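# Coordinates in review
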Amino acid sequence: MDCYFRQSWVDRRLAYTGHKDTLALSISMLGRIWKPDTYFYNGKQSYLHTITSPNKFVRLYQDGRVLYSSRLTIKAGCPMSLENFPMDTQRCPLKFGSFGYTIRDVVYRWKIKKQVDIADDMKLSQFDLIGTPSANQTDQLKSGRYSMLLVSFHLQRHMGNFLIQVYGPCVLLVVLSWVSFWLNREATADRVSLGITTVLTMTFLGLEARTDLPKVPYPTALDFFVFLSFGFIFATIIQFAVVHYFTKYGSGECYFNYDISSEESSSDDEVWSTTGSRTRLPSVNGSGKSRSSFSRRRSNFSSHAEPSHIEVIPLSVCTLSPMQGRKESWTSGLPSCIGCPSVESPPEERLPPSPPPSQHTVRSRRRKRRAPRFNSVSKIDRASRIVFPLCFLIINLFYWYTYLSRSERIKKIKN
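Sequence order as written defines residue numbering, which begins from 1 separately in each chain. Given that the model is predicted, a residue must reach a pLDDT of at least 70 before its local features are reported, and side-chain atom pairs must reach 80 or more before they are shown or counted; all residues, however, enter totals for whole chains, interfaces and linings. Side-chain measures here rest on the full set of heavy atoms in the structure, leaving out hydrogens and waters.

### Concerning the nonpolar core
Our working definition: Within this scheme, the nonpolar core is defined by two criteria: the residues are buried Ala, Val, Leu, Ile, Met, Phe, Trp, Tyr or Cys, and they are joined through side-chain atoms within 4.5 Å. Only protein chains enter the area calculation, which uses a 1.4 Å probe; residues under 20% of their type maximum are buried, those over 50% are exposed, and those in between are partly exposed. Counting from the N terminus, the helices are the DSSP runs of H or I reaching at least four residues and the strands are the DSSP runs of E reaching at least two. In what follows, a contact means two residues having at least one pair of non-hydrogen atoms within 4.5 Å.
Ranked by internal contacts, the top residues of the largest apolar core, which has 29 residues, are Met87, Tyr167, Cys170, Met202, Leu222 and Tyr399. Taken together, the elements giving at least two residues each to this core come down to helix 1 (160-177), helix 2 (188-209), helix 3 (221-245) and helix 7 (379-414). Here this core gets seven residues from one element, more than from any other, and that element is helix 3. Setting aside residues no more than four positions away along its own chain, Tyr399 makes contact with Met87, Tyr167, Ala221, Leu222, Phe224 and Phe225.

So this is what it looks like as structure tokens:
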């Protein structure tokens, strides 16, 4: 603190009579008169301002009262209890008295009218000064009883800096970790990377929050909130591990049917014969079943064929009834038959021509084939979308109510 420290005492030997009520003495007179040896019990590295000259003055009154004022910068120790940090209210005492005179020689008392005068424009960066109670005190030491004065500075910490740098980012990281509940449960890389990133960021944020904090052996209120946020983020990763464990094997991301291209190509290969009957040509590039069937039929037809009576029909396909005992053969990959143009089936054995499918039927069939097939959503993810935010909200309400009420109670007790 930077303060003007003023002391006043009465020395009858310095009384005088004259036309002036007060005399301004030179500071060199301090070495020739008696003055109290005041020092600060809990002071550390305090000093007197000396620029451009020693900042002190002496006033002498007719009754022998002496007023001694000096400008001091006092660095004092303040024992703090940081369980409620950063919602804490601290009590920083300042003790001062005589260094060598006991209570039989010097007694310290506060001025009745104005004990501690605080400047109106004084502001602190981290605290608000809410009170300065003072008291007279007598302390018993080994060398005797000493009179001293005590003033307590009640400081309430600002929370704006911690809301911006710690509490806000922690809440945003927890909410960010909940995004994984809306991702597909098969997106393992995305959900794991999101969880690990939030955990590492939360770890760095927790360590950074304790940089300016003394190394106390007990957790503070800020530590509890950081642990709470870290626990929710870690629980998100554990939740995904459980979801991944119950995910069925092979349920990958497939938005369309696997055989669409083969089915479309096979449907385009349908050829209508001149008689009106429909026959499917074996596709060389089709599925394995078509190729195997095509090979078996080719071997059977080739074994019963008569090479001297083969005639190739390039545009039509003949269909013979098994009752007629006709022989079919395959040559050069194209279907042919023996005596097909001159042989006809009896009227009773002919198959009625099937009408070609309409365009509406084909479009509806292709539309059904192209319908997307989305992945199933885990029930655990659906429950987590509600349970996690609700639990986080309830714990936050309990956290803020507990620590803010404790801070108010402590402030009332100290006042």
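### Some remarks on the pattern of salt bridges
Just so we agree on the cut-off: Salt bridge, as used here: a side-chain nitrogen of Lys or Arg that lies within 4 Å of a carboxyl oxygen of Asp or Glu.
One pass over the full model with this rule turns up seven salt bridges. Linking Arg185 and Glu186 is a salt bridge whose minimum nitrogen-to-oxygen distance equals 3.9 Å. This pair shows no difference in class: Arg185 is buried, exactly as Glu186 is.

### Concerning the packing of aromatic side chains
In plain terms, the rule: Here the aromatic set is Phe, Tyr and Trp, taking the six-membered ring for Trp, and pairing holds for ring centres within 6.5 Å; pairs whose planes are under 30 degrees apart are stacked, those over 60 apart are edge-to-face, and all others are tilted. Either the NZ atom of lysine or the CZ atom of arginine qualifies as a charge over a ring when it sits within 6 Å of the ring centre and within 35 degrees of the ring normal.
Under the defined criterion, the tally for this structure stands at 20 aromatic pairs. Summarising the aromatic geometry, the rings of Trp178 and Phe392 are spaced 5.8 Å apart at their centres and angled 85° between planes, so their arrangement reads as edge-to-face. Placement of Trp178 in the loop between helix 1 and helix 2 and of Phe392 in helix 7 is noted, with a sequence separation of 214 residues between them. For the pair shown, Trp178 and Phe392 are each scored as buried. The structure contains a cluster of three or more aromatic residues connected by ring pairs, namely Tyr167, Phe225, Tyr399, Trp400 and Tyr403. Above the ring of Tyr61, the side-chain terminus of Arg65 is found at 4.0 Å from the ring centroid.

### Regarding the environment of Phe162
Along the polypeptide, Phe162 turns up in helix 1. Note on Phe162: relative accessible area 14%, which makes it buried. Note: C-alpha distance between Phe162 and Pro86 (76 residues apart in sequence) is 7.4 Å.

### Quick look at the layout of surface pockets
The line we're drawing: Here a cavity denotes grid points, spaced 1 Å and computed from the protein atoms alone, that fit a 1.4 Å probe unable to get out, and a pocket denotes an open set having protein on both sides within 12 Å along at least 5 of 7 lines; residues with an atom within 4 Å of a point are the lining. Grid points are joined across faces, edges and corners, and a volume is the space filled by probe spheres set on the points. Each residue is assigned to one class: nonpolar for Ala, Val, Leu, Ile, Met, Phe, Trp, Tyr, Cys and Pro, charged for Asp, Glu, Lys and Arg, and polar for all the others, Gly among them.
When its volume is computed, the largest pocket comes out at roughly 2,000 Å³. Lining the largest pocket are 50 residues, with Tyr4, Phe5, Arg6, Trp110 and Gln115 sitting closest to its centre. Sorting the residues of the lining of the largest pocket by element identifies strand 1 (2-10), strand 3 (38-40), strand 6 (65-73), strand 7 (89-98), strand 8 (127-131) and strand 10 (144-157) as the ones contributing at least two each. With nine residues, the single largest contributor to the lining of the largest pocket is strand 1. By residue class, the composition of the lining of the largest pocket is 34 nonpolar, six polar and 10 charged.

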